[in-house]
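Residues per chain, in single letters:
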Amino acid sequence: GGDASSRRHLLANGGAVVHRHLLAKAGEVKVLAGVYDTPGCTDGLGTNAMFNALRSSAITSDDQKIYILDQTTVRQVHLWTGMVTTLAGKCDTVGEASTDGIGTNARLDQMYGFALSPDEGTIYIAGSASQEIRELDIQSQSVTTLAGSGTTNVGNEVTEGTGTNVPMFAMPYTVSVSPDGQY
């Protein structure tokens, strides 16, 4: 790994690659995973992996992994090997109804923003197309809906309530978690 203070990791959105920027080497930038301008959804090592539409990313505190929201999937990249694996969702399912499930059996539609929990065991996902806030348990790869009806919100109404029966969001793009994980 090296000294964590000398490294920065960049998500190159739109180019379908994840870059590793090594500040200790005079700003050297290297492709960690993916192929520039070649979208896809292939898991694999380094440039054998492909990304579709990179949206958001978060790096673990031990500087070992980066979690990436890739339009309809959540991907994990090991920062020192470049190994890419899909944790949840399935590629090329834009427009399919979001459904809870395990791993690639879950459906995530047009996910844009997410937050990694303080204990780094859960990813909270904002789904703008599905009007939902989803939860991914990283260990089990289980995706569940925390809030939102999953109904298209034509009038951009926002309603209050509990769970999945009442609340409506107006195209949520981001979600945050407090440092203590309570909110």
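Our subject is the structure that appears above.
Owing to the predicted nature of the structure, the values given are computational and were not obtained by experimental measurement.

**Thoughts on the state of the cysteines**
Summed over all chains, the structure comprises 1 disulfide. One disulfide bridge connects cysteine 41 with cysteine 91, the sulfur atoms lying 1.7 Å from each other. Taking the sign of the S-S torsion, about 60 degrees here, the bridge from cysteine 41 to cysteine 91 comes out right-handed. Placement of the pair is cysteine 41 in the loop between β3 (28-34) and β4 (44-45) and cysteine 91 in the loop between β8 (83-89) and β9 (101-102), with a sequence separation of 50 residues.

**Section: the environment of methionine 83**
Here methionine 83 lies in strand β8. Among the residues examined, methionine 83 registers a relative accessible area of 37% and is labelled partly exposed. The sequence separation of methionine 83 and alanine 33 amounts to 50 residues, and the corresponding C-alpha distance is 7.6 Å. Not counting the four nearest positions on each side in its chain, methionine 83 is found in contact with Gly44, Leu45, Gln76, Val77 and His78.

**Notes on the nonpolar core**
Residues Tyr67, Val74, Phe114, Ile123, Ile125 and Leu136 are the most contacted members of the largest nonpolar core, which totals 16 residues. Mapped onto this core, the elements with two or more residues apiece are β6 (65-70), β8, β10 (111-116) and β11 (122-127). Take this core: its biggest share by element is 3 residues, from β10. Apart from residues lying up to four places away in sequence, leucine 136 is in contact with Val74, Leu87, Ala88, Gly121, Thr122, Ile123, Ile125, Gln141, Ser142 and Val143. Ala33, Leu54, Ile66 and Val84 belong to the second largest nonpolar core, which has 11 residues in total.

**Brief notes about the packing of aromatic side chains**
The full count for this structure, using the stated rule, is 0 aromatic pairs. Geometry around tyrosine 112 places arginine 55 over its ring, the cationic atom sitting 4.1 Å from the centre.

**Things to note about the pattern of salt bridges**
Counted under the stated rule, the structure contains 4 salt bridges. In this structure, aspartate 100 engages arginine 134 in a salt bridge whose closest nitrogen and oxygen atoms are separated by 3.1 Å. Of this pair, aspartate 100 sits in the loop between β8 and β9 while arginine 134 is found in strand β12 (residues 132-137), placing the two residues 34 residues apart along the sequence. The exposure class assigned to aspartate 100 is partly exposed, which follows from its relative accessible area of 41%. A residue is classified by how much of its surface remains accessible, and arginine 134, at 0% relative accessible area, is buried. Between arginine 134 and glutamate 132 there is a salt bridge, and its shortest N-O distance comes to 3.8 Å. Accessibility classification places arginine 134 together with glutamate 132 in one group, the buried group. It is possible to trace a salt-bridge network through shared partners that takes in Asp43, Asp70 and Arg75.

What counts, and where the lines are drawn
Residues numbered from 1 in each chain as written. Predicted model: local features only at pLDDT ≥ 70, side-chain atom pairs only at ≥ 80, totals over all residues. Heavy atoms only, no water. Disulfide = S-S within 2.5 Å. Helix = DSSP H or I, 4+ residues; strand = E, 2+ residues; numbered from the N terminus. Buried < 20%, exposed > 50% of the residue type's maximum accessible area, 1.4 Å probe, protein only. Contact = heavy atoms within 4.5 Å. Core = buried A, V, L, I, M, F, W, Y, C linked by side-chain atoms within 4.5 Å. Phe/Tyr/Trp six-rings, centres within 6.5 Å; stacked < 30°, edge-to-face > 60°. Lys NZ or Arg CZ within 6 Å of the ring centre and 35° of its normal. Salt bridge = Lys/Arg side-chain N within 4 Å of Asp/Glu carboxyl O.

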